[in-house]
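# Architecture at a glance
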Amino acid sequence: MKSIKWIAVLLALLVCLSGCAGTHQSGGSYNIYLIAKSSTTEFWKAVFSGANAAKSEYNVQLTILAPDTEEDFEVQNDYIRQAVADGADAIVFSAISYTENAAAIDEAVAAGVRVVVIDSDVDSKGVSVRIGTDNVAAGRMTGEAAMNAEEGDVVLGIVNCFVETQNCQERERGLREALLGDARVKGIYVVNVPTDAEQAKLAAERLVQEHPEINVLVGFNEPLAVGVAEAV
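Summarised in this report is the structure supplied together with it. Residue indices begin from 1 for each chain and proceed along its sequence in written order. The predicted origin of the model limits local features to residues at a pLDDT of at least 70 and limits the giving and counting of side-chain atom pairs to 80 or more, whereas totals for whole chains, interfaces and linings rest on all residues. The side-chain quantities take in all heavy atoms of the structure and omit both hydrogens and water.

Glancing now at the nonpolar core. Nonpolar cores are built from buried Ala, Val, Leu, Ile, Met, Phe, Trp, Tyr and Cys residues. Side-chain atoms within 4.5 Å join them into one set. Residue exposure (1.4 Å probe, protein chains only): buried if accessible area is under 20% of the type maximum, exposed if over 50%, otherwise partly exposed. Membership of the largest hydrophobic core comes to 19 residues, with the highest contact counts inside it found for Tyr-33, Ile-35, Ile-80, Ile-91, Phe-93, Ile-105 and Val-122. At the level of elements, strand 1 (31–35), helix 3 (73–85), strand 3 (90–93), helix 4 (102–110) and strand 4 (114–118) are the ones that each hand at least two residues to this core. Under the DSSP-based scheme used, a helix requires at least four consecutive residues in state H or I and a strand at least two consecutive residues in state E, with every element numbered from the N terminus. Sorting elements by how many residues they give to this core places helix 4 first, with four residues. Only heavy atoms matter for contacts: two residues are in contact if any of them lie within 4.5 Å across the pair. If we ignore the near neighbours within four places in the chain, the residues touching Ile-80 are Ile-35, Ile-91, Phe-93, Asn-101, Ala-104, Ile-105 and Ala-108. Of all hydrophobic cores here, the second largest spans 16 residues; its members include Ala-36, Phe-43, Ala-66 and Val-129.

So, in structure tokens, the structure goes:
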């Protein structure tokens, strides 16, 4: 199902391109760069699988790039500039940093490149299409699940990702909104770590050691959730 979702992402991109004036020369295949946050998680592997399927189906030239970690926004900026230099018609982009990736995206848009954001947003008004989850709603659902996990008082430990990554911060905001005013909530402790299961595990263990009253642990993306589960 995830692969099908990301085929739809590229289809939306092609629709955007075909309806907009740009740098593309008629008669050739579109040159598209997919710049992700990482290449190691099952989520991103599914994205790449769907993109490659769309590449074959719609006859596009596709370049997939991702930094080694989900914190290296500077490498993403280098990839954006590489795409522009390569004459990309469009960039499918998931931002590591809402703010620090913005200037590079603005430069790409100014050069005539169309930008489609998936999964994690960037602070640019030049983005043509945004496709992603309602992360605030997802956070609210997490908060409701946290409250249902315990019958009495709840003390939460949150292991969250890089503070500049928009989707994770929206999830935390939604969770806090769901818990706002609930008298059963006696504390919320947060730690931000790189998106890595082992580091998430160690961070969760430290949280519980420092705050032994914690009875609910939350991780806000795939590797963080795995690490939190291993800590439990």
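Picking up where we left off.
Relative to the helices and strands, Val-163 resides in the loop between strand 6 (154–160) and helix 6 (166–179). C-alpha of Val-163 to C-alpha of Ser-97: the two residues are 66 residues apart in sequence and 8.3 Å apart in space. Aside from chain neighbours lying at most four places away, what touches Val-163 is Gln-169 and Asn-192.

We now examine the layout of surface pockets. Only protein atoms enter the 1 Å grid used here, on which a cavity is any set of points holding a 1.4 Å probe that cannot leave and a pocket is any open set flanked by protein within 12 Å on both sides along at least five of seven lines; residues with an atom within 4 Å of a point are listed as lining. Grid points are joined across faces, edges and corners, and a volume is the space filled by probe spheres set on the points. Here the second largest pocket is characterised by a volume of approximately 150 Å³. Thr-40, Asp-68, Thr-69, Thr-195 and Asp-196 are, among the 13 residues lining the second largest pocket, the residues nearest its centre. Here the term charged refers only to Asp, Glu, Lys and Arg, the term nonpolar to Ala, Val, Leu, Ile, Met, Phe, Trp, Tyr, Cys and Pro, and the term polar to all other amino acids, Gly among them. A per-class count over the lining of the second largest pocket returns three nonpolar, six polar and four charged.

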